[in-house]
Amino acid sequence: MKNVPRVVLGFGLTAAWGRSVTRGVLAYTERYGPWDYELPLTGPFTADTLRRLGKVNGLIVNSDLADLAASTLKRKVPIVAVGITGPSAVPKHLPHLLENHDEIAKMAVEHFIERGFRNFAYYAFRGYHMAKIYGSAFRSLLHAHGFACSWFKKEAGKDIRSETENDLKMNEWIRKLPKPVAVLASWDGAAREVTMACRKMNIAVPEQVSVLGTGNDEYQCLLCSPHLSSLDPGLERLGYESARMLDHMLRKGGRVKAGPILFPPIRVVTRQSTDVIAVSDERVAAAVRKIHEHLTAGVNVKQLVHELGMGRRTLELAFKKHLGRTVYDQIVRTQIERASRLLEDGELPVAEIAQRCGIQHASHFCAFFKKQTGSTPLEYRSRNQRQRYQGIP
């Protein structure tokens, strides 16, 4: 019987980040393992913690702990660092897998601009180091597009009084933001705070404040009203790839690329908190609402023009001005967004998804979906289910 590698996972499971990365590691070892795991982060991760573990074969650690682990073990054991680094740098000789913060910012900006937003804000939660990295990339990209970005950083309160003062400052910041405004939050818990503050102040989400979180922690996103949209940065994939890299080092003593390796985000998981079109033209907003409402029954440009009681050319010009696309393009975009979400859920047959998108025949839907996305519905479902549930890139 072959020896089972003893591997240390150097990140906590109390936070969504650690749980997501761990799911990716487990997905890899379910296929290619087994491994025996050590989880030393029930307390502080120190040099003594590592020494007490005795002989281990490899480590996958949060990037902030990589320097400590490397200096303690002195290159005797392979180490893979995961995640955006904090103030302490990852040693250059270690492989370092991390989220691509520029691509995350780009995905967030595109998500908001496609919905017609022209006012933007960023909410950084309690001095978290990653919050500054995400926020800087988001603001820089908006500036490149010609937009300003308001920034609010909420620090941790030392007591109830200071925490209350911080909440009041945040509320005042939200109240003064020009509306409608798109807010990116540094993580889903921070996004949840924004929506809760808006509810207390009777500010409509998403109509006045559209909120996008980061991390796609389903507990944070779904235990919130309205449900939170969130960027899926691909943390399970990071875990899967880190395990694959460590396994290569363990099995064959193989050499791997040292230094940072960037992974792009998976997608924006659109839920209610950003499900809105932010345009000042009520005719465009009404048309977009009708597209969503009547999509299953089937909707076309001729029907919209008739229901809105306006000329087709007038409506087309309004769409071009405010959204930068035609009415037909908006219908197609809505069909693809709905189809993609239903395929990712993985429960409904393709024929029923086609009908929910206003297309009666599954064969027509399959051809339409492939033309728009480059993948058949089943290919798309397979790829995105793997990304979501098994950490496979």
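Being a predicted model, the structure only gives us computed values, none of them experimental. (Residues numbered from 1 in each chain as written. Predicted model: local features only at pLDDT ≥ 70, side-chain atom pairs only at ≥ 80, totals over all residues. Heavy atoms only, no water.)

Caption draft 1: Fine view of the environment of H101. Its location among the elements puts H101 in helix α4 (residues 101-114). For H101, the contacting residues outside a window of four places in its chain are I84, I133, Y134 and A137. (Helix = DSSP H or I, 4+ residues; strand = E, 2+ residues; numbered from the N terminus. Contact = heavy atoms within 4.5 Å.)

Caption draft 2: Focus on unusual backbone geometry. Between V205 and P206 the backbone carries a cis peptide bond, its omega angle lying at 15°. You can see P206 is positioned in the loop between α7 (188-200) and β9 (209-214). For the bond running from S225 to P226, omega is 0°, close enough to zero to count as cis. Positionally, P226 belongs in the loop between α8 (218-222) and β10 (229-232). The backbone of N202 sits at a positive phi, close to 55°, despite the residue not being glycine. Inspection of the secondary structure assignment puts N202 in the loop between α7 and β9. With a phi angle near 50°, N216 is a residue other than glycine that sits in the positive phi range. Mapping N216 onto the fold places it in the loop between β9 and α8.

Caption draft 3: Expanded view of the pairing of strand β5 (residues 95-99). Of all 5 residues in β5, 5 are buried, a share of seventy percent or more. Burial of β5 is two-sided: the residues P95, L97 and E99 facing one way and the residues H96 and L98 facing the other way are all buried. Here 5 bridges tie β5 to strand β11 (residues 259-263), and the two strands are oriented parallel to one another. Following the sheet pairing, L97 is matched in β11 by I261. (Buried < 20%, exposed > 50% of the residue type's maximum accessible area, 1.4 Å probe, protein only. Pairing = 2+ DSSP bridges.)

Caption draft 4: Expanded view of the sheet that holds strand β2 (residues 36-38). Ordered by their spatial adjacency, 6 strands build an open sheet running β2-β1-β3-β4-β5-β11, and the pairing between neighbours is parallel. Two strands close off the open sheet at either side, each with one partner strand: β2 and β11. Within this sheet the neighbouring strands show an average axis-to-axis angle of 20°, counted without direction. Two elements, strand β4 (residues 79-82) and β5, share 2 bridges in a ladder whose sense is parallel. Residue A81 lies in a different strand from β5, and its bridge partner there is H96. (Axes fitted to C-alpha atoms, helices over the stretch in contact; angles between N-to-C directions.)

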